[in-house]
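Structural characterization, general
The primary structure of each chain is shown beneath.
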Amino acid sequence: MEKFKNNRFLLMVMILIFIVNLNSCTEDLNKVPLNTVTSDKQFNSVEGYKQGLVSVYSNLAYSTFLRFYWSMQEYSTDMAVSTWNDGGDGIYHELAWSADSPAIANVYTAAMNMITLCNNFINESSSEKIAARGFTASQAAEINQFKAEVRFLRAYCFWILMDSYGNPPFPTEETLGTTPPSQIQRADLFAFLETELKEIETELADARTNEWGRPDKAAAWALLSRMYLNGKTYTGNEYYTEAITYATKIINEGYALETRYEWLMLGDNHLNINEFIFTINYDNTNQTWYSTNFLALGPAGVPASINGMSSSWQSFRFTQQVPALFPTPDTSIDKRGMFFTSGQNLVVKSISTSTDGYSSFKYRNKDRNGNPIEQNNNFGNLSDIDFPVFRLAEIYLTYAEAVLRGGSGGSNALALSYINQIRGRAYANNPSSTSGNITNTQLTLDFILDERARELYWETHRRTDLIRYNKLTTGAYLWAWKGNSEFGRAVDDKYNLFPIPTSDLLANPNLKQIDGF
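All of the points below concern the structure found in this document. Since this is a predicted model, take the numbers as computed values, not measurements.

Cut-offs applied
Residues numbered from 1 in each chain as written. Predicted model: local features only at pLDDT ≥ 70, side-chain atom pairs only at ≥ 80, totals over all residues. Heavy atoms only, no water. Helix = DSSP H or I, 4+ residues; strand = E, 2+ residues; numbered from the N terminus. Rg over C-alpha atoms; globule rule 2.2 N^0.38 Å. Buried < 20%, exposed > 50% of the residue type's maximum accessible area, 1.4 Å probe, protein only. Contact = heavy atoms within 4.5 Å. Lys, Arg positive; Asp, Glu negative; His and termini not counted. Charge placed at Lys NZ, Arg CZ, Asp CG, Glu CD. Axes fitted to C-alpha atoms, helices over the stretch in contact; angles between N-to-C directions. Left-handed = near helix turned anticlockwise from the far one by under 90°. Nonpolar A, V, L, I, M, F, W, Y, C, P; charged D, E, K, R; others polar. Parallel < 35°, antiparallel > 145°, perpendicular 65-115°, else oblique. Pairing = 2+ DSSP bridges. Core = buried A, V, L, I, M, F, W, Y, C linked by side-chain atoms within 4.5 Å. Expected span 1.5 Å × (residues − 1). Salt bridge = Lys/Arg side-chain N within 4 Å of Asp/Glu carboxyl O.

**Section: the overall build of the protein chain**
A tally of regular secondary structure across the protein chain gives 19 helices and six strands. Scaling as 2.2 N^0.38, a compact globule of 517 residues should have a C-alpha radius of gyration of about 24 Å, and the protein chain matches this with 22 Å. Principal-axis analysis of the C-alpha atoms gives the protein chain an extent of 65 × 55 × 50 Å. A buried classification covers 61% of the 517 residues belonging to the protein chain. Considering only contacts within the protein chain whose residues lie at least 6 apart along the sequence, 69% involve residues at least 24 apart. Treating the 43 positive side-chain charges of the protein chain as one cloud and the 55 negative ones as another, the clouds have centres 3 Å apart.

See the structure below:
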């Protein structure tokens, strides 16, 4: 029962109840608008509101969202090539998608479904409905915190749409179930999210005090810092000072790097309370193939003895450019180099050949002692690995990059210190070690991009990072099969974004396709 520490038991029990119901009505949800499933009976008690809250979290975790978002962020870069072309995700390697490409609709649909659920919860927790239902002041305050958490989850989904699709639809609680949502421009959505996240800050739990997997103030600050770092991409204006401000707020809350990098993506990584800021939670009692299952089972070649579950799906591998970022393609120097090389070729000569390209055993359903997590299901290969949406190492990297890009309120000395803590862990399992230290002259923007690749690989950052550095579509950086060319080629800059899916353009007359598509 170690998994249920940090007040997690009640949350996960309700997730299990919800998933059973969700699996039984998946087809109905494909046919019936999501905004028809509310009732006064559901929300007549605080417990009912918490069950509604858990339904939102469950949809984030146990829908198709994470797997499809990972595919969009990693397959479109040097970080991964797909053996299967599962769901049409082979189109990402080519950087040649269209509004009719099935794969580009996956994340769009998942995010919109999440936003719909959030809007419904926000409506049901309005001050008018809380008052009409006779809740006490303390009960209303608790429900208000639930509402703030849901507003955060909605903001996170809107951020994904803003980052990926530019000018997405903008459904709100006011338009739910009434009219097709209007379209919002990217800069306007940025401004809305900035205001929204600052508004909910006072209503969220203090940093490091909420239940595991529920957002707190630090989660809101983390999303703001990520937005600000990419603000020039989204709005044309720089927000590096703001990125430093919000990164600093998180750092000052007492977070610390976990001692060993290999602990980050294990089946008992709910123990990583020092570093993890907000997670998507998984437990092997709940059946899904879209959770961190694919991150443990998907890497080509990795056997059950290593991943702690079952044999590899032979699904994805790195291009040869990624191992080249490390001193060696193993953990002998940099312990983050968790490359699986046995039976694998370094060079990707063929995307569909599962032995072309090294893979990784970064995600393993084992505990810190190396024991597989006990399976409480009929399949024997479901994941317990929680997915960190935000963790401290990203915040350190954000701080350092924002300082180098000219933001105020930080210092080069602190930036260097934070980077060397990351590297101390990577080289010596000790953030205080000087083993991997770099000097101030080595701390450049290009170094930060490479360090982000080494630290955050397969954590859904790479596409956004390469766009910020103007390297996703241009000839400034080429990798194997970029633009469907064996040695890589530049492509049209329009592929920094994904188009609005044709199906939604036809269904919603308020939408206009983004430029170039």
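Picking up after the structure, the text goes on.
**Some remarks on the packing of helix α16 (residues 412-428) against helix α17 (residues 445-456)**
For the pair α16 and α17, the least separation of the axes is 12 Å and the interaxial angle reads 40 degrees. α16 and α17 meet at a crossing whose hand is left-handed. The segment α16 lies against α17, with Ile419, Ile422, Arg423 and Arg425 engaging Phe447, Ile448, Glu451, Arg454 and Glu455. Classifying every residue of the contact of α16 with α17 gives four nonpolar, no polar and five charged.

**Notes on the packing of helix α9 (residues 186-200) against helix α10 (residues 217-229)**
Packing of α9 against α10 leaves a shortest axis separation of 10 Å and a crossing angle of 155 degrees. The angle between the axes of α9 and α10 places the two elements in the roughly antiparallel class. Between α9 and α10 lies a crossing of left-handed hand. Between α9, through Phe190, Leu193, Glu194, Leu197 and Lys198, and α10, the contact on the second element is made entirely by Ala220, Leu223, Leu224, Met227 and Tyr228. By residue class, the composition of the contact of α9 with α10 is eight nonpolar, no polar and two charged.

**Considering the pairing of strand β2 (residues 276-280)**
Regular strands have side chains that alternate between both faces of the sheet. Burial of β2 is extensive: five of the five residues sit out of reach of the surface. When β2 meets strand β6 (residues 387-391), the two strands line up antiparallel, connected through four bridges. If you follow Phe276 over to β6, its bridge partner there is Arg391.

**Remarks on the nonpolar core**
Nonpolar side chains in soluble globular proteins tend to be buried together. One finds Phe152 and Trp159 to be the most contacted residues of the largest nonpolar core, which totals 145 residues. Top element by residues in this core is helix α8 (residues 137-165). It accounts for 16 residues. Filtering out sequence-adjacent residues up to four positions away, Phe152 remains in contact with Leu197, Ile200, Pro215, Ala219, Ala220, Leu223, Phe278 and Phe390.

**A word on helix α3 (residues 46-62)**
With 17 residues, α3 extends 24 Å between its outermost C-alpha atoms, agreeing within 8% with the 24 Å of an ideal straight helix rising 1.5 Å per residue. In terms of burial, α3 is largely enclosed, as 15 of its 17 residues are buried.

**Brief notes about the pattern of salt bridges**
As enumerated under the stated definition, the model contains 37 salt bridges in all. Put simply, Glu459 and Lys362 hold a salt bridge, and the shortest N to O gap is 2.7 Å. One end of the pair, Glu459, is in the loop between α17 and α18 (462-468); the other, Lys362, is in the loop between β5 (359-360) and β6, and 97 residues separate them in sequence. The same class applies to Glu459 and to Lys362, which are both buried. For Arg468, the salt bridge goes to Glu401, with nearest N and O atoms at 2.6 Å. Separated by 67 residues along the polypeptide, Arg468 in helix α18 and Glu401 in helix α15 (residues 392-404) bring together distant segments of the chain. Here Arg468 matches Glu401 in class, with each residue buried. Through salt bridges with shared partners, one network takes in Glu275, Asp334, Arg336, Lys362, Arg391, Arg423, Arg425, Glu451, Arg454, Glu455 and Glu459.

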